[in-house]
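Structure assessment
Letter by letter, the chains look like this.
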Amino acid sequence: MIRTENLSRQFQSGREVIHALRDINIQINPGTLTILRGRSGSGKTTLINLLGALDKPTEGKIFFMDQDITKLSEVKKDLLRKNNMGFIFQSIALMPLMTAYENVEFGLRVAGYDKEKRKKRAEACLTMVGLQNRMHHRPQELSGGEQQRVAIARAIAHKPKVVFADEPTAELDTNMGLQVVKVLKDLVEEEGLTVVMSTHDPSMIDIADCVYTLEDGVIVDIAE
Ligand SMILES: Nc1ncnc2c1ncn2[C@@H]1O[C@H](COP(=O)(O)OP(=O)(O)O)[C@@H](O)[C@H]1O
Ligand SMILES: [Mg+2]
């Protein structure tokens, strides 16, 4: 589904050059859960932003379904993200005044679904993440883990091929974090979704199909 070729990303910080990523070669197969593991500052977010076409590499290529996306225009990258990708972030960015259902439904409205389809799909996605009984609660009436599950439902609602989750469990306790990862794993196994998730938490890695360990912008270990 995704493959990189000698991917590098440098940042200029004053007179200093920061090598956030160096010569990254990874392959993400469809229908798998891939974990990018590493300490803070190891390059996880930079890599997710590149794979999700949110940032441009300094060098190297990124193939998304055999197309080099580093060559696409901004308009085409927007379309690629809109049609094929979903995103979940560490800080759960739900709309505070909307219920769980409305948060998911709103994303579908933006994606151009008609009213009836929106209702069906929003309910189906919230059910998939185990929130069928919490649909009409607002974020503040939900636990952190439940909120992150709403964010997952929102990220998968438009049927993306791949979902990127950047430290989705970082603000949750271990138990809730594991529940959230389990939901992602179920979506991989039952819906054939492809998930790329970053974490610094070693207790998460057993659940992955493939684990890339990053250290100072370099892949130091690949475990399948
Ligand atoms: N926009 C930026 N400008 C300068 N340096 C950056 C920028 N983004 C990330 N970095 C640096 O790149 C390295 C990797 O950062 P990041 O990908 O955020 O790591 P992680 O997500 O694993 O914590 C760090 O040294 C960070 O300070
Ligand atoms: Mg990060």
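Right above here is the structure, for reference.
Sequence order as written defines the numbering, with residues in each chain counted from 1. Lettering for chains starts from A, numbering for ligands starts from 1, and both go in the order in which the items are written. Residues qualify for local features only when their pLDDT is at least 70, as the model is predicted, and side-chain atom pairs are given and counted only at 80 or more; totals for whole chains, interfaces and linings, by contrast, use all residues.

**A word on the sheet that holds strand 7 (residues 85-88)**
Strand order in the open sheet formed by 6 strands is 7-8-9-4-10-11, and the pairing between neighbours is mixed. Each edge of the open sheet is held by one strand with a lone partner, namely strand 7 and strand 11 (218-223). Neighbour-to-neighbour, the strand axes of the sheet open up by a mean angle of 20°, direction not taken into account. Across 5 bridges, strand 4 (residues 33-37) lies against strand 9 (residues 194-199) in parallel orientation. Among the inter-strand pairings, Ile35 is bridged to a residue of strand 9, identified as Met197. Note that contacts rest on C-beta atoms placed from the backbone: two residues are in contact if these are within 7 Å. Axis geometry follows a simple rule: fit a line to the C-alpha atoms, using only the stretch in contact for helices, then measure angles between N-to-C directions, giving values from 0 to 180 degrees. Strands here mean DSSP runs of E at least two residues long; helices mean DSSP runs of H or I at least four residues long; both are numbered from the N terminus. In the packing of helix 5 (residues 144-156) onto the sheet, contacts are made with strand 7 and strand 8 (162-166), and the angle to strand 7 comes to roughly 165°. Most of the contacts of helix 6 (residues 174-191) go to strand 9, to which it runs at about 160°, and overall it touches strand 4, strand 8 and strand 9. Strand pairing is assigned whenever DSSP detects at least two bridges linking the two strands.

**With respect to the site of ligand 1**
Every residue lining ligand 1 is accounted for by Phe11, Ser13, Ile18, Ala20, Gly38, Ser40, Gly41, Ser42, Gly43, Lys44, Thr45 and Thr46. Residue assignment for the shell around ligand 1 shows that the elements contributing at least two residues are strand 1 (2-13), strand 2 (16-24) and helix 1 (44-51). Among the elements that take part in the shell around ligand 1, helix 1 stands out by supplying 3 residues, more than any other. By the convention adopted, Pro, Cys, Tyr, Trp, Phe, Met, Ile, Leu, Val and Ala count as nonpolar, Lys, Arg, Asp and Glu as charged, and the other residues, Gly among them, as polar. Of the residues that constitute the shell around ligand 1, the class distribution is 3 nonpolar, 8 polar and 1 charged. Should the C-beta atom of a residue, placed from the backbone, lie within 6 Å of a molecule or strand, that residue is near it.

**A few points about the nonpolar core**
Counting 58 residues, the largest nonpolar core has Val104, Ala153, Leu184 and Val195 as its most contacted members. Non-local contacts of Val104, meaning those with residues more than four positions away in its chain, are made with Ala122, Cys125, Leu126, Val150, Ala153, Arg154 and Ala157. Here, a nonpolar core means buried Ala, Val, Leu, Ile, Met, Phe, Trp, Tyr and Cys residues linked by C-beta atoms lying within 7 Å of one another. Neighbour density around each residue's C-beta defines its exposure: 20 or more other C-beta atoms within 10 Å make it buried, 12 or fewer make it exposed, and counts between make it partly exposed, where C-beta atoms are placed from the backbone.

Functional significance is not addressed by these values, which are geometric in nature.
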